[in-house]
Amino acid sequence: MNTRVTMADVAATAGVSTMSVSYTYNQPNRVSDATKDRVHAAAAHLGYTGPNRAARSLRSGKHNSIGVVLGEKLTYAFEDPQARRFLSGIADACLDADTALVMLPNLHRDNDIARIRDAQVDGYVVWTTEIADPLLDVLVATGRPTCIQGGPEHPGLEWITIDDRAAADAVATVALKDRIHPAIVALRPDSLRTSTVVRGADPSDVSMPVTRARLDGYRDACLRLTIDWSTVPTLFTTHNARAEGDRAARLLLQDNVIDTLLVMSDELALGALDAAAASGVEIPSRLAVTGWDDSSAAAAAGLTTVAQSLFDQGRSAARWVLGLDDSVDAAAWRVEERGSTGAETGHKP
């Protein structure tokens, strides 16, 4: 019958104390290189694979894992290019801390909150969620460090985001030069996934902080340019996908006066470009289109967009949660002007 090799067995074989073996695996900076070599040689001889992580977690209260909370099906994390970039940033931080990553969907089902609350993790990074999401108070109550990408700002939780309102104002100002009939393709406003068109949308009615801030920014630009906001249609999409952007653009372009589409993601904007091409609508002479995030596909398509690094935001959020940094980094943004608004053609309508 095989007997599990213990830390004491390794210590006896190596001729060192049990504490030295523990330090070798858990705090290697506290022992000499010679001692570490003796411990590793003895462990290899005995077939010892290291301390039992589960038992160590029970003793220390640490799980060496971080929870990533997504308000989407888990497949979204692999299908959406911006979600992939965000998760890659978190994974990069996990490498620095030798920490595992646990994916936790938050689809507002009865068991989601309990699953997230009871997850064996040391902290959470949350993909943007609704302002009144009951999960936020639950996360505060766990006492574990939590950082939300995109908001909302919530007492007891950290957050990281760009100034979405200022960025929306800036990109709309670029697109609306010499144009007066915009329409907006917005990210879904809530978890209901309903697709609706609203004229003169009131940002304060929107529960998702990112969508609310971007609507505020688009409205700021329209009002400053003396465009009547009450006439501006906003189509709220059911999901963030290229095919949905195509559908939204086809619907909005039935109004022949629309000359600008302000779109809240590159995926949706690429779909809008598909719809324009299929309908024979020339870009940018007849229609200007903007996106958001600056994906590689957006650059290849000549799409004017708001550039931000979701990789950097994910990495900074995770490093703060893991205790590697004392604060989250400021999130930067810029407008990338390209051909979809006339930047490469010198277009003057």
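Predicted model, so just to flag it, every value in this text is computed and none were measured.

**Regarding the overall build of the chain**
Now for step 1: When helices and strands are tallied, the chain shows 14 helices and twelve strands.
Now for step 2: Taken over C-alpha atoms, the radius of gyration comes to 25 Å for the chain, far larger than the 20 Å a tight globule of 349 residues would show.
Now for step 3: In the chain, which comprises 349 residues, the proportion classed as buried is 51%.
Now for step 4: Of the roughly 16000 Å² of accessible surface on the chain, a fraction of 51% belongs to carbon and sulfur atoms.
Now for step 5: The centroid of the 34 positive side-chain charges in the chain is displaced by 5 Å from the centroid of its 45 negative side-chain charges.

**As for the layout of surface pockets**
Now for step 1: The computed volume of the largest pocket comes to approximately 530 Å³.
Now for step 2: In terms of lining, the largest pocket is formed by 34 residues, of which the most central are Glu72, Trp127, Thr128, Leu187 and Met208.
Now for step 3: The residue inventory of the lining of the largest pocket, partitioned by class, reads nine nonpolar, 16 polar and nine charged.

**Brief notes about the sheet that holds strand β12 (residues 333–336)**
Now for step 1: Taken in spatial order, the seven strands line up as β7-β8-β6-β9-β10-β11-β12 in an open sheet, and their pairing is mixed. Looking along the sheet, the strands with just one partner apiece sit at the ends: β7 (196–199) and β12. The sheet shows a mean angle of 20° between the axes of neighbouring strands, direction not considered.
Now for step 2: Pairing of strand β6 (residues 182–186) with strand β8 (residues 233–236), which is carried by three bridges, proceeds in the parallel orientation. Within β8, the position partnered with Val185 by the bridge is Leu235.
Now for step 3: Those strands touched by helix α10 (residues 209–224) are β6, β8, β9 (260–263), β10 (288–293) and β11 (304–308), and its axis lies near 175° from that of β6.

**With respect to the packing of aromatic side chains**
Now for step 1: Tallying each qualifying case throughout the model produces two aromatic pairs.
Now for step 2: Ring plane angle 65° and centroid distance 6.5 Å describe the contact between Tyr76 and Trp127, whose orientation is recorded as edge-to-face. Here Tyr76, found in helix α5 (residues 76–79), pairs with Trp127, found in strand β3 (residues 124–127); they are 51 residues apart in sequence, far enough to count as distant. Taken individually, Tyr76 and Trp127 each receive the classification buried, so the pair is uniform in this respect.
Now for step 3: Ring geometry for Phe86 versus Trp127: centroids 4.9 Å apart, planes at 65°, classification edge-to-face. Within this pair, whereas Phe86 is found in helix α6 (residues 81–97), its partner Trp127 is found in strand β3, the two being separated by 41 residues in sequence. The same class applies to Phe86 as to Trp127, namely buried.
Now for step 4: Taken together through their ring pairs, the aromatic side chains of Tyr76, Phe86 and Trp127 make up a single cluster.

**Considering the nonpolar core**
Now for step 1: Counting 47 residues, the largest nonpolar core has Ile184, Leu215, Tyr218, Leu261, Leu287, Val289 and Trp292 as its most contacted members.
Now for step 2: Those elements that provide at least two residues to this core are α9 (164–175), β6, α10, β8, α11 (242–252), β9, α12 (266–279) and β10.
Now for step 3: Of all the elements, α12 adds the most residues to this core, at seven residues.
Now for step 4: Listed in part, the 20 residues of the second largest apolar core include Ile66, Leu70, Ala77 and Trp127.

**Examining the state of the cysteines**
Now for step 1: This model, assessed by the stated rule, comprises zero disulfides.
Now for step 2: Distance from the sulfur of Cys94, which forms no disulfide, to the nearest cysteine sulfur (Cys147) is 13 Å.

**Overview of unusual backbone geometry**
Now for step 1: Cis geometry is adopted by the peptide bond preceding Pro152, which originates at Gly151 and carries an omega value of 20°.
Now for step 2: Structurally, the position occupied by Pro152 is in the loop between β4 (146–149) and β5 (158–160).
Now for step 3: The peptide bond linking Ile283 to Pro284 adopts the cis configuration, its omega dihedral lying at 5°.
Now for step 4: Mapped onto the elements of the fold, Pro284 is located in the loop between α12 and β10.

**Focus on the confidence of the model for the chain**
Any segment with low pLDDT has predicted coordinates that should not be analysed in fine detail.
Now for step 1: Residues of the chain with pLDDT of at least 70 account for 92%, and the chain-wide mean is 89.
Now for step 2: Segment residues 54–60: pLDDT under 50, and five contacts once partners within four positions in sequence are set aside and those in other chains are kept.
Now for step 3: Under a pLDDT of 50 for its full length, residues 345–349 has, in the predicted model, nine contacts with residues more than four places off or in other chains.

**Looking at the sheet that holds strand β2 (residues 100–105)**
Now for step 1: Pairing is parallel across the open sheet formed by five strands, whose spatial order is β2-β1-β3-β4-β5. Of all strands in the sheet, those bounded by a partner on one side alone are β2 and β5. For this sheet, the mean angle separating the axes of adjacent strands, direction not counted, is 25°.
Now for step 2: Strand direction decides the pairing type here: β4 and β5, joined by three bridges, are parallel. Across the sheet, the residue bridging to Cys147 is Glu158, located in β5.
Now for step 3: Sitting on the sheet, α6 touches β1 (65–70), β2, β3 and β4, and the angle it makes with β2 is about 145°.

**Concerning the pattern of salt bridges**
Now for step 1: The full count for this structure, using the stated rule, is 19 salt bridges.
Now for step 2: When the shortest N-O distance is used, the salt bridge between Asp33 and Lys36 registers 3.3 Å. Of this pair, Asp33 and Lys36 both sit in helix α3 (residues 33–46), separated by three residues, roughly a single helical turn.
Now for step 3: Between Arg319 and Asp96 there is a salt bridge; the shortest N-O distance is 2.9 Å. You can see Arg319 sitting in helix α14 (residues 310–321) and its partner Asp96 sitting in helix α6, a full 223 residues away along the chain.
Now for step 4: By relative accessible area, which is 15% here, Arg319 ends up buried.

Here is what the cut-offs are and how they apply
Numbers given for residues are sequential positions, taken from 1 along each chain in its written order. Residue-level local features of this predicted model are given only where pLDDT is at least 70; pairs of side-chain atoms are given and counted only at 80 or more, and the full residue set underlies all totals for whole chains, interfaces and linings. To obtain the side-chain values, all non-hydrogen atoms of the structure were used and water was disregarded. For the purposes of this entry, the term helix denotes a DSSP run of H or I that reaches at least four residues, the term strand denotes a run of E that reaches at least two, and both are numbered from the N terminus. With the radius of gyration taken over C-alpha atoms, the globule rule is written as 2.2 Å times the number of residues to the power 0.38. Think of it in three bands: residues with accessible area under 20% of the maximum for their type are buried, residues over 50% are exposed, and the middle band is partly exposed, with areas taken using a 1.4 Å probe on protein chains only. For every accessible area listed, the method is Shrake-Rupley and the probe measures 1.4 Å; residues are considered covered only by the protein chains on display. Charge counting follows a simple rule: Lys and Arg are positive, Asp and Glu are negative, and His as well as the terminal groups are ignored. Where a charge sits is defined by one atom per residue type, namely NZ (Lys), CZ (Arg), CG (Asp) or CD (Glu). A pocket, in this scheme, is an open set of points on a 1 Å grid over the protein atoms alone with protein on both sides within 12 Å along at least 5 of 7 lines, while a cavity is a set where a 1.4 Å probe fits but cannot get out; residues line either one if an atom lies within 4 Å of a point. Grid points are joined across faces, edges and corners, and a volume is the space filled by probe spheres set on the points. Residues are grouped as follows: Ala, Val, Leu, Ile, Met, Phe, Trp, Tyr, Cys and Pro are nonpolar; Asp, Glu, Lys and Arg are charged; all remaining types, including Gly, are polar. At least two DSSP bridges between two strands are required for those strands to pair. Orientation is described by lines fitted to C-alpha atoms, with helices fitted over the stretch in contact, and by angles between N-to-C directions that extend from 0 to 180 degrees. The contact rule is simple, with two residues in contact once any of their heavy atoms fall within 4.5 Å. Here is the rule: rings of Phe, Tyr and Trp (six-membered ring for Trp) pair when centre to centre is within 6.5 Å. Planes less than 30 degrees apart are stacked, more than 60 are edge-to-face, and the remainder are tilted. Take the buried residues of types Ala, Val, Leu, Ile, Met, Phe, Trp, Tyr and Cys, join any two whose side-chain atoms come within 4.5 Å, and each joined set is a nonpolar core. The term disulfide is used for any two cysteine sulfur atoms that are within 2.5 Å. Per-residue confidence from the prediction method is given by pLDDT, with values spanning 0 to 100. A pairing counts as a salt bridge when a side-chain nitrogen of Lys or Arg comes within 4 Å of a carboxyl oxygen of Asp or Glu.

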